[in-house]
Each structure stands twice: as structure tokens, then as C-alpha cells.
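Structural characterization, general
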Amino acid sequence: MLAHQRQEHLLSRVTADGAVRVADVAAELDVSEMTVRRDIAALAETGLLRRVHGGAVLARPTALEPTFTAKTELA
């Protein structure tokens, strides 16, 4: 399986389940845990996933503070 295919599988699993474990994905895809860790690291670099101990979770965008101008327009 190509890296792109593994990464798409990871994204779909995280999107569906909210999180994945490295060991589970490695067993599903019949690849080493290190391969899954590298794929998670690559996806984390792009901001799509966030690495956590033992796996990955969906990256949540942080709440943005409205600008001063936007706040004054609301008032």
C-alpha cells in the first residue's frame, strides 16, 4: 500500500472515530507501527491530525479572537 493510501485511511478513520491508535492501524494495514507513526507525523505537519501518545486525533482549529474592527462593528 502506498503512503498516500495509508494516509487517506488514517484520515478517514480519525474523522469517523475521532482518534486512532498506532497499533490498531498497523494491524489493519499490515504495516509496521513505525510506518504508521511516520504517516501520522506527515499528516500532523500539514495540520490535518494532531499526534498524541500512542496515536492521533483530529486537529481542532483553535478559536480565533475577532479583530478590534470586527468587535466594534458588532456593537
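Here the structure is a predicted model, which is why all the values come from computation and not from measurement.

The biggest cluster of nonpolar side chains holds 12 residues, and these are Leu 10, Val 14, Val 20, Val 22, Val 25, Ala 26, Leu 29, Val 36, Ile 40, Leu 43, Leu 49 and Ala 56. Looking at this core, the elements that each hand over two or more residues are helix 1 (3–17), helix 2 (22–29) and helix 3 (33–46). Here this core takes four residues from helix 2, the largest share from any one element. Beyond its immediate sequence surroundings of up to four residues, Val 25 is in contact with His 9, Leu 10, Arg 13, Val 20 and Val 36.

So, about helix 2. All buried positions along helix 2 are accounted for by Val 22, Val 25, Ala 26 and Leu 29. Projected down its long axis, helix 2 carries its buried residues within an arc of 100°, all on one side. Looking at the residues trailing helix 2, positive phi occurs at Asp 30, about 60°.

This part covers helix 1. With 15 residues, helix 1 should reach 21 Å at 1.5 Å per residue; the first-to-last C-alpha distance of 21 Å fits that figure. Three or more residues of helix 1 are buried, namely Arg 6, Gln 7, Leu 10, Arg 13 and Val 14. With its buried residues spanning 125° around the axis, helix 1 presents them on a single face. Across from the buried face of helix 1, at angles greater than 90 degrees, the exposed residues are His 4, Thr 15 and Ala 16.

This next bit is on the side chain of Arg 13. Looking at the secondary structure, you find Arg 13 in helix 1. When neighbours within four sequence positions are excluded, Arg 13 is seen to be in contact with Gly 18, Ala 19, Val 20, Val 25 and Glu 28.

So, on to unusual backbone geometry. The phi torsion at Asp 30 lies on the positive side, around 60°, for a residue other than glycine. By the secondary structure assignment, Asp 30 is in the loop between helix 2 and helix 3.

About the criteria used
- Residues numbered from 1 in each chain as written.
- Predicted model: local features only at pLDDT ≥ 70, side-chain atom pairs only at ≥ 80, totals over all residues.
- Heavy atoms only, no water.
- Core = buried A, V, L, I, M, F, W, Y, C linked by side-chain atoms within 4.5 Å.
- Buried < 20%, exposed > 50% of the residue type's maximum accessible area, 1.4 Å probe, protein only.
- Helix = DSSP H or I, 4+ residues; strand = E, 2+ residues; numbered from the N terminus.
- Contact = heavy atoms within 4.5 Å.
- Arc of directions from axis to C-beta.
- Expected span 1.5 Å × (residues − 1).

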